[in-house]
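Inside the fold
Okay, here's what each chain looks like letter by letter:
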Amino acid sequence: MEPQPPALLSAPRMLTLIGSVLVSLSSGTNYVPYAPQLGARLLLSHTQTNVIGLAGNMGVYLTGPAWGRVVDSKGPRIPLISAFACILIGYLGIRHIFDNGAGTVISLVVLIACSFMTGLAGNAGLAVAMNTTAKSFPETSRGTTTGLVLSGFGLSAFFFATIASVAFPGDTSALLLVLGLGTAIPMLLGLVIVRQIPVRRSRSRATSAHDGPNVYGKQLWLSSDFYLVFVIMSLLSGTGIMYINNVGSISQALYAKGNHNYDEVEASRWQAAQVSTLSACNFAGRIIIGLIGDLVRYRLRLPRAYCFCIVSTLFVVSQ
């Protein structure tokens, strides 16, 4: 007789969830605003700083399918080791160039490469956290648990920006050091505690009867639903990413307008406050939509895709 998997609220399953949240919390730091200070220090144009930020986003979003395949086939070990190395080298490399103040073409290329590495590392960590959580919890609680893990990704900017603004106000070099060490260490911790916990078969079979066909791999390219979700996510998330990428510059511009006594430390605090507000709302939204998704699916007996109506309405109102 095969041993029964641990219960839903068992210590191994909760330890995996906590580890996944920590890894996710360390994976969303691409949105911590240091670009305005970096541009001012290295005499970079706004276009150049945007290209550096875009490289980080490219690292996050273009590597998603590749990391997903690696996690599915090889497990979390390789992505977590890669995330540790890339995020440490990326942030410490940016810090090194920032401290030296070398605004050359070579330094710009290195900055772009380092930013891409931080994005690549963030996606590796998020892929591990999401994949492991989704496979370690039954369908009835999967929306809530994956929403909790995603909330860590959303809270990441608030967490690290707050630490830096309180402990090192106005010190961008210290912020980059905190980002490098503070995000790399949880990746190593994830190697120890993030592992897939099997789900009870009876429960998964009971819920699978209400689900549609399991579409994955090459079959996705033949699914009209895939293209519909892709377009919706691109249109909605693209607007949010555009604002997130420029929130540092926007907050500094608003603070400087009509202010003849410009204080760099105070401007950094306003910038951190803006990012923290955005990040905290991101955190709350990810948890709430996960709970709503489970409620819609198992209480109202409706597809989770109906939640797109809620999200789309919020986007329209915000704009």
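Residues numbered from 1 in each chain as written. Predicted model: local features only at pLDDT ≥ 70, side-chain atom pairs only at ≥ 80, totals over all residues. Heavy atoms only, no water.

Its location among the elements puts leucine 179 in helix H8 (residues 172–193). A residue is classified by how much of its surface remains accessible, and leucine 179, at 0% relative accessible area, is buried. Once the C-alpha coordinates of leucine 179 and phenylalanine 160 are considered, the two residues, 19 residues apart in sequence, prove to be 7.0 Å apart. Excluding its chain neighbours within four sequence positions, the residues that come into contact with leucine 179 are Thr29, Val32, Tyr34, Tyr91 and Phe160. (Helix = DSSP H or I, 4+ residues; strand = E, 2+ residues; numbered from the N terminus. Buried < 20%, exposed > 50% of the residue type's maximum accessible area, 1.4 Å probe, protein only. Contact = heavy atoms within 4.5 Å.)

Tracing the chain through its elements places threonine 183 in helix H8. Side-chain polar atoms of threonine 183 contact the backbone oxygen of leucine 179, separated by 2.4 Å. Residues in contact with threonine 183, not counting those within four places in the same chain, are Ser26, Thr29, Ile87, Tyr91, Phe160 and Val178. (Polar contact = N/O pair within 3.5 Å; in protein donor to acceptor, adjacent residues only side chain to side chain.)

This paragraph deals with the confidence of the model for the protein. Looking at the protein, pLDDT values average 83 and 93% of them are 70 or higher. Helix H5 (residues 77–100) holds the highest mean pLDDT among the elements of the protein, 94, whereas helix H9 (residues 201–208) holds the lowest, 48. (pLDDT = per-residue confidence, 0-100.)

Structurally, alanine 7 can be placed in the segment before helix H1 (11–25). We classify alanine 7 as partly exposed; its relative accessible area is 38%. Once the C-alpha coordinates of alanine 7 and isoleucine 197 are considered, the two residues, 190 residues apart in sequence, prove to be 9.9 Å apart. In this structure, alanine 7 is in contact with Arg13 and Arg200, ignoring residues within four places of it in sequence.

Moving on, we get to the packing of aromatic side chains. Summed over all chains, the structure comprises 5 aromatic pairs. Geometrically, the ring pair formed by phenylalanine 226 and tyrosine 227 is edge-to-face, given 5.3 Å between the ring centres and 70° between the ring planes. The partly exposed category is assigned to phenylalanine 226, whose relative accessible area is 23%. Residue tyrosine 227 is classed as partly exposed on the basis of its relative accessible area, which comes to 39%. An aromatic cluster of three or more residues is present, and its members are Trp221, Phe226, Tyr227 and Phe230. In this structure, arginine 41 packs its charged tip against the face of phenylalanine 98, placed 5.3 Å from the ring centre. Taking the ring centre of tyrosine 298 as reference, the NZ or CZ of arginine 297 above it sits at 5.2 Å. (Phe/Tyr/Trp six-rings, centres within 6.5 Å; stacked < 30°, edge-to-face > 60°. Lys NZ or Arg CZ within 6 Å of the ring centre and 35° of its normal.)

Think of two packed helices as two axes; the pair is described by the angle between the axes and how far apart they sit. For the pair helix H2 (residues 35–42) and H5, interaxial distance at closest approach is 9 Å and the crossing angle is 40°. Classified by the angle between their axes, H2 and H5 sit oblique to one another. Here the hand of the crossing between H2 and H5 comes out left-handed. Listed contacts from H5 to Gln37, Leu38, Arg41 and Leu42 of H2 are Ile94, Ile97, Phe98 and Asp99. Of the residues in the contact of H2 with H5, the class split is 5 nonpolar, 1 polar and 2 charged. (Axes fitted to C-alpha atoms, helices over the stretch in contact; angles between N-to-C directions. Parallel < 35°, antiparallel > 145°, perpendicular 65-115°, else oblique. Left-handed = near helix turned anticlockwise from the far one by under 90°. Nonpolar A, V, L, I, M, F, W, Y, C, P; charged D, E, K, R; others polar.)

Core analysis: the biggest nonpolar cluster contains 47 residues, and Tyr34, Leu38, Ile94, Leu111, Leu176 and Leu179 have the highest contact counts within it. For this core, the secondary structure elements donating two or more residues are H1, H2, helix H4 (64–74), H5, helix H6 (105–136), helix H7 (139–167), H8 and helix H10 (224–256). Among all residues touching leucine 38, those that are not within four sequence positions of it are Leu44, Ile52, Ile94, Phe98 and Leu111. (Core = buried A, V, L, I, M, F, W, Y, C linked by side-chain atoms within 4.5 Å.)

Take the pattern of salt bridges next. Counted according to the given criterion, the structure contains 5 salt bridges. In this structure, glutamate 139 engages arginine 142 in a salt bridge whose closest nitrogen and oxygen atoms are separated by 2.9 Å. Of this pair, glutamate 139 and arginine 142 both sit in helix H7, 3 residues apart, which is roughly one turn of that helix. Exposure remark for arginine 142: the relative accessible area of 27% places this residue in the partly exposed category. Taking the shortest distance from any N to any O, the salt bridge between aspartate 294 and arginine 304 comes out at 2.7 Å. Linking aspartate 294 in helix H11 (residues 264–298) with arginine 304 in the loop between H11 and helix H12 (307–318), this pair joins segments that are 10 residues apart in sequence. When salt bridges with common partners are traced through the structure, they connect Glu139, Arg142, Asp294 and Arg304 into a single cluster. (Salt bridge = Lys/Arg side-chain N within 4 Å of Asp/Glu carboxyl O.)

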